[in-house]
Amino acid sequence: MNIQKVSLLFLSLIISALLSAQQTETVFLSGTDAANTVAWDFYSTDGRNSGEWTKIDVPSNWELEGFGTYNYGHDWKNEELKIGKEHGWYRHAFDVPRDWKGNTVNIVFDGSMTDTEVKINGKLAGDIHQGAFYRFKYDISDLLNYGKTNLLEVDVAKHSSNTSVNKAERQADFWIFGGIFRPVFLEVLPEIHMERTAIDAKAD
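Residues numbered from 1 in each chain as written. Predicted model: local features only at pLDDT ≥ 70, side-chain atom pairs only at ≥ 80, totals over all residues. Heavy atoms only, no water.

**Q** I tried to follow the overall build of the chain on my own but got confused; where do I start?
**A** Counting its regular elements, the chain contains two helices and 14 strands. Its C-alpha atoms give the chain a radius of gyration of 21 Å, more than 25% over the compact-globule value 17 Å for 204 residues. C-alpha atoms of the chain, sized along the principal axes, occupy 75 × 50 × 30 Å. Split into buried and exposed, the 204 residues of the chain put 40% on the buried side. Sequence separation of at least 24 residues holds for 71% of the intrachain contacts in the chain that already meet a minimum separation of 6. (Helix = DSSP H or I, 4+ residues; strand = E, 2+ residues; numbered from the N terminus. Rg over C-alpha atoms; globule rule 2.2 N^0.38 Å. Buried < 20%, exposed > 50% of the residue type's maximum accessible area, 1.4 Å probe, protein only. Contact = heavy atoms within 4.5 Å.)

**Q** Which parts of the structure should I look at to understand the sheet that holds strand β2 (residues 38-44)?
**A** Backbone hydrogen bonds are what pair the strands of a sheet, in a parallel or an antiparallel way. The strand order β3-β2-β5-β11-β8-β9 describes an open sheet built from six strands, whose pairing is antiparallel. For this open sheet the edge positions go to β3 (54-58) and β9 (123-124), each flanked by a neighbour on one side alone. Bridging between β2 and β3 involves five bridges; their strand directions are antiparallel. Paired with F42 across the two strands is T54, which belongs to β3. (Pairing = 2+ DSSP bridges.)

**Q** What am I meant to see in the pattern of salt bridges here?
**A** Side chains that differ in sign of charge can pair as their charged atoms come close. For the structure shown, the criterion picks out eight salt bridges. Residue K137 pairs with E187 through a salt bridge whose shortest N-O separation is 3.1 Å. You can see K137 sitting in strand β10 (residues 136-139) and its partner E187 sitting in strand β14 (residues 184-189), a full 50 residues away along the chain. A relative accessible area of 45% places K137 in the partly exposed class. Through salt bridges with shared partners, a single network forms among D41, K55 and R91. (Salt bridge = Lys/Arg side-chain N within 4 Å of Asp/Glu carboxyl O.)

In structure tokens form, the structure reads like this:
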């Protein structure tokens, strides 16, 4: 066995050991899919059933739950149609065990339409996320009250402040929806952990 193969084998063993030692705990705040949801507090700023706090299933699109305004992607071309640009405000309380203190705790959103502002206990978790169709997350370790109940607040804008996002996601040939439409969960990691691993395998 040559030195390159030995080195590669050694590296693989180290990575395997680190990954097995890095135990990730996943705690869902929402449901896991459309058939298994969790009710959160909800307020729609315009359209159907707007103007008062109520409940909504998460994950979901708020139009399909009786809120906001239905629009098709080409409606923006018709000046006679109202383009719904409502916001959906979400609130959800969740408990954090005391023994999580010292770990890294991320809040993960698998998909939200579209600009999304996240607060934990009244403080911003990070920059407003733009774009509906991919995962984003924030490290909220320093914002949590350990051993107590915490408050998640989410402001979802149906239309983005980014013109390119709107052209890609809001003006195409499909129905335009708003809302937290994929799961939301907490990712609990050891304080020291690997954020990303990759192998750049090339043949000579």
